[in-house]
Amino acid sequence: MQVAVFSTKSYDRAFLETANAEYKHELVFFEPRLTCETSILAKDYPVVCVFVNDQLDRPTLTCLADRGTKLIALRAAGYNNIDIIAATELGLPVVRVPAYSPYAVAEYTLGIILALNRKIYRTHYRVREGNFSLEGLMGFDLHGKTAGIVGTGKIGAIVAQILHACGCHVLAYDKYQNPDCQALGVQYVSLQDLFARTDIISLHCPLTPETYHLVNSEAIALMKTGVMLINTSRGALIDAKAAIKGLKSGKIGYLGLDVYEQEGDIFFEDLSNTIVQDDVLQRLLTFPNVLITGHQAFFTKDALTSIAQTTLANISDFESGKPCPNQIKVESPQAVASNVK
């Protein structure tokens, strides 16, 4: 099938083309992210392939449907950037990659925790300048600390395993308790209890109307002074302005973000020769106890291989008329709001 692939970089093209040797689709790559304005590029393409920061709201989906699109293929697991209700009403099936490499994100989460705790990112720049002083670099043992996992799906469960192996006592919150976590000894508690009792909080839940700004001023007020807060899931789980206040007061002692609420026009791009206009992001970058990376937790060879293969297999299922196990099926707006896995 002819496939318009949006938000593509050199690595997307390389992995998709390699996987496509088996599937034989006609892939046409577009670097811009998909919006209502750029949807004209997809005219007469039966398949549109998108990523996490592409904007598939009702106006964009309507433009796509009017111009011949028959399938939306998402190269990711989360689908908060897609108006699923509108897609369903327009007769546009949406397929996704529900599990590419949960280990990639989980391992990266540990990396951020260690880098923040032991000030590895600061040490790197000091040593390059000939400064071998240890002043200001003191961390803490993970062993014996209490870690809280919000969302114990595939990624959250692996993070729980990793932190348990580090000697942490692990608490968790999820509407659906994971038997693997229970077998590990993870204790499920209320969200408020988790916020109040943990030294490290790591977010691994999808972005839904329920979880939007899950971490806000009220939530931060419940947390221990000096808490470490990590988000490798979706940016809008955290109210960034509230986080800044928490950092200034000392309530948040460490903040690690691989995602950001307004990342759409920023992440995945080289803006080093421009003035970034996002004042909130710029303020966050001034704190010495904040580590921000550009949505790279998923970025491993294993994950990109899996994403490419599953995406193209999903398209092949649609082409042949087979039921696709990775199609997102939503019967009502309430179903969207309750999608927490």
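Located above this text is the structure these notes cover.
Residues numbered from 1 in each chain as written. Predicted model: local features only at pLDDT ≥ 70, side-chain atom pairs only at ≥ 80, totals over all residues. Heavy atoms only, no water.

Trainee: Tell me about the pattern of salt bridges, and please be specific about residues and values.
Mentor: Opposite charge on two side chains allows them to pair when their charged atoms are near. One pass over the full model with this rule turns up nine salt bridges. In this structure, Arg-13 engages Glu-17 in a salt bridge whose closest nitrogen and oxygen atoms are separated by 3.0 Å. One end of the pair, Arg-13, and the other, Glu-17, are both in helix α1 (residues 10-23), four residues apart, so they sit about a helical turn from each other. Its relative accessible area of 41% is what places Glu-17 among the partly exposed residues. For Lys-224, the salt bridge goes to Asp-199, with nearest N and O atoms at 3.0 Å. Remark: Asp-199 occurs in the loop between α8 (191-197) and β9 (200-203) and Lys-224 occurs in the loop between α9 (217-222) and β10 (227-231); sequence separation between them is 25 residues. Through salt bridges with shared partners, one network takes in Lys-9, Glu-31 and Glu-269. (Salt bridge = Lys/Arg side-chain N within 4 Å of Asp/Glu carboxyl O. Helix = DSSP H or I, 4+ residues; strand = E, 2+ residues; numbered from the N terminus. Buried < 20%, exposed > 50% of the residue type's maximum accessible area, 1.4 Å probe, protein only.)

Trainee: Tell me about the packing of aromatic side chains, residues and numbers included.
Mentor: As enumerated under the stated definition, the model contains seven aromatic pairs in all. Members of the aromatic cluster, each reached through a chain of ring pairs, are Tyr-11, Phe-51, Phe-268, Phe-298 and Phe-299. (Phe/Tyr/Trp six-rings, centres within 6.5 Å; stacked < 30°, edge-to-face > 60°.)

Trainee: Pulling in residues and values, what's your account of a positive patch on the surface?
Mentor: A cluster of basic side chains, namely Lys-241, Lys-245, Lys-248 and Arg-283, defines a positive patch on the protein surface. Here the positive patch takes three residues from helix α10 (residues 240-249), the largest share from any one element. Residue position: Lys-245 is located in helix α10. (Patch = residues over 30% accessible without salt bridge, like charges linked within 9 Å, V, L, I, M, F, W, Y side chains within 5 Å. Areas by Shrake-Rupley, 256 points an atom, 1.4 Å probe, with all protein chains shown as cover. Lys, Arg positive; Asp, Glu negative; His and termini not counted. Charge placed at Lys NZ, Arg CZ, Asp CG, Glu CD.)

Trainee: Report on the sheet that holds strand β4 (residues 71-74), specifying residues and quantitative values.
Mentor: For sheets, the rule is that strands pair by backbone hydrogen bonds, running either parallel or antiparallel. Taken in spatial order, the five strands make up an open sheet running β2-β1-β3-β4-β5, and their pairing is parallel. The two strands at the open ends of the sheet, each matched to only one other strand, are β2 (26-29) and β5 (94-95). Judged from the three bridges that link them, strand β1 (residues 2-5) and strand β3 (residues 47-50) form a sheet pairing that is parallel. Bridged to Val-5 within β3 is Cys-49. The strands that α1 touches are β1 and β2; relative to β2, the one it contacts most, it runs at about 175°. Across the face of the sheet, helix α12 (residues 301-320) comes into contact with β1, β2, β3, β4 and β5 while running at roughly 160° to β4. (Pairing = 2+ DSSP bridges. Contact = heavy atoms within 4.5 Å. Axes fitted to C-alpha atoms, helices over the stretch in contact; angles between N-to-C directions.)

Trainee: Describe the environment of Asp-57, naming the residues involved and giving the relevant values.
Mentor: Secondary-structure assignment places Asp-57 in the loop between β3 and α2 (58-66). When its relative accessible area of 26% is taken as the criterion, Asp-57 is described as partly exposed. Taking the C-alpha atoms as reference points, Asp-57 and Asn-81, 24 residues apart in sequence, are found 7.3 Å from one another. Residues contacting Asp-57, with those up to four places away along its chain left out, are Asn-81 and Asp-83. Engagement of the side chain of Asp-57 in a polar contact is seen with the side chain of Thr-60, the distance being 2.8 Å. (Polar contact = N/O pair within 3.5 Å; in protein donor to acceptor, adjacent residues only side chain to side chain.)

Trainee: Report on the nonpolar core, specifying residues and quantitative values.
Mentor: In this structure, Ile-72 and Leu-163 are the most contacted members of the largest nonpolar core, which totals 61 residues. No other element matches the eight residues that helix α4 (residues 102-117) contributes to this core. Beyond its immediate sequence surroundings of up to four residues, Leu-163 is in contact with Leu-110, Ile-113, Ala-147, Ile-149, Cys-168 and Val-170. With 38 residues, the next largest nonpolar core counts Leu-203, Ala-240, Ala-243 and Phe-267 among its residues. (Core = buried A, V, L, I, M, F, W, Y, C linked by side-chain atoms within 4.5 Å.)

Trainee: Describe the pairing of strand β11 (residues 252-257), with residues and values.
Mentor: Where burial is concerned, most of β11 is hidden: six out of the six residues are buried. Strand direction decides the pairing type here: β10 and β11, joined by five bridges, are parallel. Within β11, the position partnered with Asn-231 by the bridge is Leu-257. On the question of chirality, the crossover connecting β10 to the parallel β11 by way of α10 is right-handed. When β11 meets strand β12 (residues 290-292), the two strands line up parallel, connected through three bridges. Among the inter-strand pairings, Gly-256 is bridged to a residue of β12, identified as Leu-291. Considered for its hand, the β-α-β crossover made up of β11, helix α11 (residues 279-284) and β12 is right-handed. (Right-handed = clockwise from strand over helix to strand, strands pointing away.)

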